[in-house]
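Understanding the architecture of this molecule
What follows is the residue order along each chain.
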Amino acid sequence: MNFNTCLLHGNEAEHYPDGATLVPVSQSNAFLCETIEELERVFSHKKAGYAYSRIGNPTVAAFEQKISRLEGGIGAVATSSGMAAVSHTLLSLLTPGDEIIASGCLYGGTIGLLDDLDKLGIHTRFVPRLDPDTIQASVSERTRCVFGEVIANPALHVMDIRAAAQAAHAAGLPLIVDSTTATPFLCRPLSLGADLVIHSTSKYISGSGNAISGVVVDGGTFPWDSVRFPALRGFEHAGRLAFLLRLRTDIHENLGGCLSPMNAYLGILGLETLGLRMERICDNAARLARELQKARVDVNYPALDGNPEKDLCAAQFRGLGGGILTFRAGSAERARAVINRLHCACIASNIGDVRTLVLLPSTTIFSKNTDRQKADAGVFEDTVRVSVGIEDAEDLIDDFLTALASAG
Ligand SMILES: *Cc1c(COP(=O)(O)O)cnc(C)c1O
């Protein structure tokens, strides 16, 4: 099945009550059992079923299965936010003294989380870009994983997933990728060698900016072992499911970052139109980037002519460049003037919405980061980030060109 068909059909396991075409929202904390023995079996995971919605919920499970299938994984755990997906993943694998190799171009919240982990004794070695050379040069005896974003938000560097995975595997390390900005429409990282793929499904997957949510999918290919990863002790019997089981039955259950059934439902609803929206979003972003380039604006869009990432977009994303572009306005003052003159694009801190959203990263999503962290992430005081929506491209182009012209 091709992408859009797969989003709608092909899961024989989906039989909903009364023939409903959509999964019901199981907005219930607890689930009844016939006998106490049955509840005991569900609790000890000896019988499939649900006991309590922090631990498992049918609507959330349907969302997990859909994303896992789409990414080609062996299973998924959905979380209350993208940050919960990242933090639960790292906390399931790592123990004090362990090291992470990560790209310095990361979402601001993830950089903050890695700072938090540092206080728990889990140290990150940042590299300018994840590639075989920087990975090899940073590996130590204590390294336990390699982490990066497929398209860095907002630096817009593209990871060569195959090359990064080969280098990580050569050092015996799993490659964990945050694919929020790429979405399964641009690429399926597990098929290119990544071991775990994370999404903030708050963004393109929910699609209308209506539900904070996240997910982590395991590709089932990494040989988890409890010698290298003492956190996985007690899960050896699970074999290739060791990570997912540790995540689901320890960290996720105990930290409590569970996804609400309603938000899982909104994620499922969003997934159905992901292909349609991404096609339009990528087309709009490419057209807007080209027009800005023609108007001599210093624009960054991965698939644009002259951009160093263009070849990788061709090889890895069928030539697409995603939905985010940035441009430098010349000064912080002019950036503000341009943003405040936009009529069609909305000033808001989000990406992946159907509406075009703009902000100044330096003073908003990166306001808590150091100047060094900002520079590493490609955030300058005059950088404007645009998350392109599904409006008519002509209106967007007109909006930006008019604002730029009137801002002087
Ligand atoms: C938004 C985002 C996150 C965090 O997701 P939330 O759902 O807001 O917690 C993580 N990574 C990337 C790339 C993001 O854009």
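Note that this is a predicted model, so its numbers are computed, not measured.

Each value, and the rule that gives it
- Residues numbered from 1 in each chain as written.
- Predicted model: local features only at pLDDT ≥ 70, side-chain atom pairs only at ≥ 80, totals over all residues.
- Heavy atoms only, no water.
- 1 Å grid on protein atoms, 1.4 Å probe; cavity = no way out; pocket = protein on both sides within 12 Å on 5 of 7 lines; lining within 4 Å.
- Points joined across faces, edges and corners; volume = space filled by probe spheres on them.
- Helix = DSSP H or I, 4+ residues; strand = E, 2+ residues; numbered from the N terminus.
- Nonpolar A, V, L, I, M, F, W, Y, C, P; charged D, E, K, R; others polar.
- Domains from an automatic or database assignment.
- Contact = heavy atoms within 4.5 Å.
- Buried area = accessible area lost by both parts, 1.4 Å probe.
- Salt bridge = Lys/Arg side-chain N within 4 Å of Asp/Glu carboxyl O.
- Axes fitted to C-alpha atoms, helices over the stretch in contact; angles between N-to-C directions.
- Left-handed = near helix turned anticlockwise from the far one by under 90°.
- Buried < 20%, exposed > 50% of the residue type's maximum accessible area, 1.4 Å probe, protein only.
- Pairing = 2+ DSSP bridges.

A few words on the layout of surface pockets. The space that makes up the largest pocket amounts to roughly 880 Å³. Secondary-structure elements contributing two or more residues to the lining of the largest pocket are α2 (36–43), α3 (58–71), β1 (75–79) and α9 (242–255). Ranked by the residues each element gives to the lining of the largest pocket, the list is headed by α9, at six residues. Taken together, the residues of the lining of the largest pocket break down into 18 nonpolar, ten polar and five charged. There is about 390 Å³ of room inside the second largest pocket. Surrounding the second largest pocket, 26 residues form its lining, Tyr107, Ser200, Ser202, Lys203 and Asn350 being those nearest its centre. Elements represented by at least two residues in the lining of the second largest pocket include exactly α4 (82–93) and β6 (196–200). Here the lining of the second largest pocket spans two domains, since at least three of its residues come from each of domain 1 (3–270) and domain 2 (277–406).

Now for empty space enclosed by the protein. What the rule picks out here adds up to two cavities of 30 Å³ or more. When its volume is computed, the largest cavity comes out at roughly 60 Å³. Every residue along the wall of the largest cavity is listed here: Cys6, Leu7, Lys66, Arg69, Leu70 and Leu271. Only α1 (3–8) and α3 provide two or more residues apiece to the lining of the largest cavity.

Segmenting the protein into domains produces domain 1 (3–270) and domain 2 (277–406). Taken together, the contact pairs 36 residues of domain 1 with 36 residues of domain 2. For the domain 1 and domain 2 pair, buried surface summed over both sides reaches about 2800 Å², with 60% attributable to carbon and sulfur atoms. Across the domain 1-domain 2 interface, the total number found is one salt bridge. The salt bridge partner of Arg129 is Glu309, with a shortest N-O separation of 2.9 Å.

Here we take up the packing of α4 against α9. Contact geometry for α4 and α9: axes closest at 9 Å, N-to-C directions at 115°. The way α4 lies across α9 gives a crossing that is right-handed. Between α4, through His88, Thr89, Leu91, Ser92 and Leu93, and α9, the contact on the second element is made entirely by Phe243, Arg246, Leu247, Ile251, His252 and Leu255. In terms of residue class, the contact of α4 with α9 is built from six nonpolar, four polar and one charged.

Let's shift gears to helix α7 (residues 161–170). Within α7, the full set of buried residues consists of Ile161, Ala163, Ala164, Ala165, Ala167 and Ala168. Where α7 is buried, its residues contact α6 (132–138), β4 (143–149), β5 (175–178) and α12 (310–316). Once α7 finishes, Gly172 follows within two positions and takes phi at roughly 75°, a positive value.

If you walk across this open sheet you meet the seven strands as β1-β7-β6-β5-β4-β2-β3, and the pairing is mixed. Every other strand in the sheet has two partners, leaving β1 and β3 (123–127) as the edge strands with one partner each. Going across the sheet, the axis of each strand differs from the next one's by a mean of 20°, ignoring polarity. Alignment of strand β2 (residues 99–103) against β3, held across five bridges, turns out to be parallel. When the sheet's bridge partners are listed, Ala102 is paired in β3 with Phe126. Along the sheet, α9 makes contact with β1, β6 and β7 (214–218), crossing β1 at roughly 25°.

Applying the stated rule across the entire model yields 14 salt bridges. Linking Arg125 and Glu99 is a salt bridge whose minimum nitrogen-to-oxygen distance equals 2.9 Å. A residue pair is termed long-range when its members are at least 10 positions apart, and Arg125 in strand β3 and Glu99 in strand β2 qualify at 26 residues. By relative accessible area, Arg125 is classed as partly exposed at 31%. A residue is classified by how much of its surface remains accessible, and Glu99, at 12% relative accessible area, is buried.

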